[in-house]
Amino acid sequence: MALSLVTKAGFEGIRSEWDAQCKGFDESIDEYVPSFMEHARRVVVDGSGSQDYSIFSASLNGECACILHVNRARLPGTSGLTQKVMWVLLAPKYDFMDVSAEVVAEVASEVISGAIELCISEGKSEHIKIHIGNLADRQFFAGVAYGLQTLKNLKDVSIRGNWLHMSIA
């Protein structure tokens, strides 16, 4: 499934959906990772975002599974633009519930395939980098990188530091 650019109305819809999820766990949306939510709000609602600095969402089963910060920049040691997924914020239910490895893999798959599709469809970036959060994530993504090497539209798929790096073929 494709990633969707989050608009002002879309952000309010996600916030409302996630508020209901938080309430179901006796939590508050205002306390749910406030720094990420505030940053996303500033980018989307206050207009500090741009075409190359924006917030996207990925959905599963008709619900917003996560939002992610995407920016494009010229990075040292690479040619052309790189599309960077700087962070991925999962919906509250994934934080508060005990979810299976299959569900986590499904969300990760949506993010990765969506980032690849976005990069190819926009035709602006030559590379994709997805930030990996911690050592456990790094081990998970090492296996993912190995599997992605078989895709014909990608080349140079590897883990570099705490980033999953892919170049468009």
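A. Structural detail: the nonpolar core. Counting 46 residues, the largest nonpolar core has Trp18, Ile67, Ile112, Leu148, Leu164 and Met166 as the members making the most contacts within it. It is helix α4 (residues 101-122) that provides the largest number of residues to this core, a total of 7 residues. Setting aside residues up to four positions removed in sequence, Leu148 forms contacts with Ile112, Ile116, Leu154, Val157, Leu164 and Met166.

B. Region of interest: helix α2 (residues 34-44). For α2, every residue scored as buried is listed here: Met37, His39, Ala40, Val43 and Val44. Viewed along the axis of α2, the buried residues span an arc of 160 degrees, placing them on a single side of the element. Elements in contact with the buried residues of α2: α1 (8-24), β2 (53-60), β3 (63-74) and β4 (81-90).

C. Spotlight on the sheet that holds β2. Pairing within the open sheet is mixed, and its 7 strands lie in the order β1-β2-β3-β4-β5-β7-β6. Of all the strands in the sheet, the pair left with one neighbour each is β1 (4-5) and β6 (154-160). Relative to strand β5 (residues 125-131), β4 is paired through 5 bridges, and the arrangement is parallel. Along β5, the bridge assignment pairs Val85 with Ile130. Sheet strands in contact with α1 are β2, β3 and β4, and its direction is about 135 degrees off that of β3.

D. Up close: the pattern of salt bridges. Within the structure shown, the criterion is met by 10 salt bridges. Measuring nitrogen to oxygen at the nearest pair gives 2.5 Å for the salt bridge that ties Asp30 to Arg15. Taken as a pair, Asp30 in the loop between α1 and α2 and Arg15 in helix α1 lie far apart in primary sequence, 15 residues in all. A salt bridge links Lys93 to Glu63; its shortest N-O distance comes to 2.4 Å. Separated by 30 residues along the polypeptide, Lys93 in helix α3 (residues 92-96) and Glu63 in strand β3 bring together distant segments of the chain. Among the charged side chains, a network of salt bridges with common partners joins Glu38, Arg41, Arg42 and Asp46.

E. Main features of the environment of Met37. Examined against the element boundaries, Met37 turns out to sit in helix α2. When the C-alpha atoms of Met37 and Asn153 are compared, they prove to be 33 Å apart, with 116 residues separating the residues in sequence. Excluding anything up to four places from it in sequence, Met37 contacts Phe11, Arg15, Trp18, Ile29, Tyr32, Ile67 and Leu89.

F. Structural context of the packing of α4 against helix α5 (residues 135-148). Between α4 and α5, the shortest axis-to-axis distance is 12 Å and the interhelical angle comes to 50 degrees. Regarding the angle of α4 to α5, the classification is oblique. The element α4 and its partner α5 pack so that their crossing is right-handed. Of the residues in α5, those in contact with Ala105, Ala108, Ile112 and Ile116 of α4 are Phe140, Phe141, Val144 and Leu148. Split by residue class, the contact of α4 with α5 holds 8 nonpolar, no polar and no charged.

G. A look at the environment of Phe141. By the element assignment, Phe141 lies in helix α5. Separated by 18 residues in sequence, Phe141 and Ile159 have C-alpha atoms that sit 7.7 Å apart. In this structure, Phe141 is in contact with Ile112, Ile132, Ile159 and Leu164, ignoring residues within four places of it in sequence.

H. Here's a closer look at the state of the cysteines. Going through the model one piece at a time under the given rule, you end up with 0 disulfides. Cys22 takes part in no disulfide bond, and the closest cysteine sulfur to it belongs to Cys64, at a distance of 12 Å. Summary of cysteine pairing: Cys119 is not part of a disulfide, and the nearest cysteine sulfur, belonging to Cys66, is at 18 Å.

The rules behind the values
Counting from 1, residues in each chain are numbered in the order their sequence is written. Whole-chain, interface and lining totals are the exception, using all residues; otherwise, since this is a predicted model, local features are given only for residues with pLDDT of at least 70 and side-chain atom pairs are given and counted only at 80 or more. Side-chain figures throughout are based on the complete set of non-hydrogen atoms in the structure, without hydrogens or water. Remark: nonpolar core denotes a set of buried residues (Ala, Val, Leu, Ile, Met, Phe, Trp, Tyr, Cys) joined through side-chain atoms within 4.5 Å. The buried label goes to any residue with under 20% of its type's maximum accessible area, the exposed label to any with over 50%, and the partly exposed label to all in between, with areas taken from a 1.4 Å probe on protein chains only. Helix and strand definitions follow DSSP, with helices as H or I runs of at least four residues and strands as E runs of at least two, each counted in order from the N terminus. Contact criterion: two residues are considered in contact whenever any of their non-hydrogen atoms come within 4.5 Å of each other. Directions from the helix axis toward the C-beta atoms define the arc. When DSSP locates at least two bridges between a pair of strands, those strands are taken to pair. Comment: axis = line fitted to C-alpha atoms, over the contacting stretch for helices; angle = value between 0 and 180 degrees taken between N-to-C directions. Definition used for salt bridges: Asp or Glu carboxyl oxygen within 4 Å of a side-chain nitrogen of Lys or Arg. For this classification, under 35 degrees means roughly parallel, over 145 means roughly antiparallel, 65 to 115 means roughly perpendicular, and everything else is oblique. The handedness criterion is simple: a crossing whose near helix is rotated anticlockwise from the far helix by less than a right angle is left-handed, and one whose near helix is rotated clockwise is right-handed. Three classes are used: nonpolar for Ala, Val, Leu, Ile, Met, Phe, Trp, Tyr, Cys and Pro, charged for Asp, Glu, Lys and Arg, and polar for all others, with Gly counted as polar. When two cysteine sulfur atoms are found within 2.5 Å, that pair is recorded as a disulfide.

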